[in-house]
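# Residue-level structure breakdown
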Amino acid sequence: MNERKPIGSAFMDVINAFIQVVKAEIREVFQNIGAEIKRRGLGIVILLGALFPLLAAVIFLLMALYQLLDLWLPSWGASLVMFLLALLLTGGMVMFALKKIGGTDDDTNG
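Okay, so let's go over this structure.

Analysis parameters
Residues numbered from 1 in each chain as written. Predicted model: local features only at pLDDT ≥ 70, side-chain atom pairs only at ≥ 80, totals over all residues. Heavy atoms only, no water. Helix = DSSP H or I, 4+ residues; strand = E, 2+ residues; numbered from the N terminus. Areas by Shrake-Rupley, 256 points an atom, 1.4 Å probe, with all protein chains shown as cover. 1 Å grid on protein atoms, 1.4 Å probe; cavity = no way out; pocket = protein on both sides within 12 Å on 5 of 7 lines; lining within 4 Å. Points joined across faces, edges and corners; volume = space filled by probe spheres on them. Nonpolar A, V, L, I, M, F, W, Y, C, P; charged D, E, K, R; others polar. Patch = residues over 30% accessible without salt bridge, like charges linked within 9 Å, V, L, I, M, F, W, Y side chains within 5 Å. Salt bridge = Lys/Arg side-chain N within 4 Å of Asp/Glu carboxyl O. Contact = heavy atoms within 4.5 Å. Expected span 1.5 Å × (residues − 1). Buried < 20%, exposed > 50% of the residue type's maximum accessible area, 1.4 Å probe, protein only.

The next subject is the overall build of the protein chain. Scanning the protein chain from terminus to terminus reveals two helices and zero strands. With an accessible surface of roughly 10200 Å², the protein chain has 73% of that area assigned to carbon and sulfur atoms.

Here it is, written out as structure tokens:
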């Protein structure tokens, strides 16, 4: 004879099959992400490591600019010019960042 499963049992089989498919897809996505991180990981670490010599270069550039200004101005004047330049640069960078975060472009008016 033909034995029929109760409707609730068939529904649970479908739900369990759906859960297994979702788990398999999630597992595959995480495996792909892990493989991509391993492939690009060393490059990212080297790029982050390159920030430290860049920071040192910026510090020495600022020291050289200070020494150059110190030739024409008193020491306090050179420090004041360096402070104002740093303040202007910081303000410009903050304005640029806020513009990018806000997603507003002045070029696309209309």
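Once the structure has been displayed, the description carries forward.
In this structure, the largest pocket spans a volume of roughly 180 Å³. In this structure, the largest pocket is lined by Val 58, Leu 62, Leu 65, Met 82, Leu 85, Ala 86, Leu 89 and Met 93. Looking at the lining of the largest pocket, the elements with two or more residues in it are helix H1 (7-72) and helix H2 (75-102). Looking at which element gives the most residues to the lining of the largest pocket, the answer is H2, with five residues. Split by residue class, the lining of the largest pocket holds eight nonpolar, no polar and no charged.

It is worth spelling out a nonpolar patch on the surface at this point. On the surface, Ile 44, Leu 48, Leu 51, Leu 54, Val 58, Leu 62, Leu 65, Leu 68, Leu 71, Trp 72, Leu 73 and Leu 85 cluster together into a nonpolar patch covering about 1200 Å² of accessible area. Among the elements that make up the nonpolar patch, the one with the highest residue count is H1 (ten residues). Looking at the element boundaries, Ile 44 is found in helix H1.

Attention shifts here to the environment of Ser 75. Looking at where Ser 75 falls in the secondary structure, it is placed in helix H2. Excluding residues within four positions of it along the chain, Ser 75 makes contact with Tyr 66 and Asp 70.

With 28 residues, H2 should cover 40 Å at 1.5 Å per step; its first-to-last C-alpha distance of 40 Å lies within 8% of that length. Along H2, the residues that are buried comprise Gly 77, Ala 78 and Met 82.

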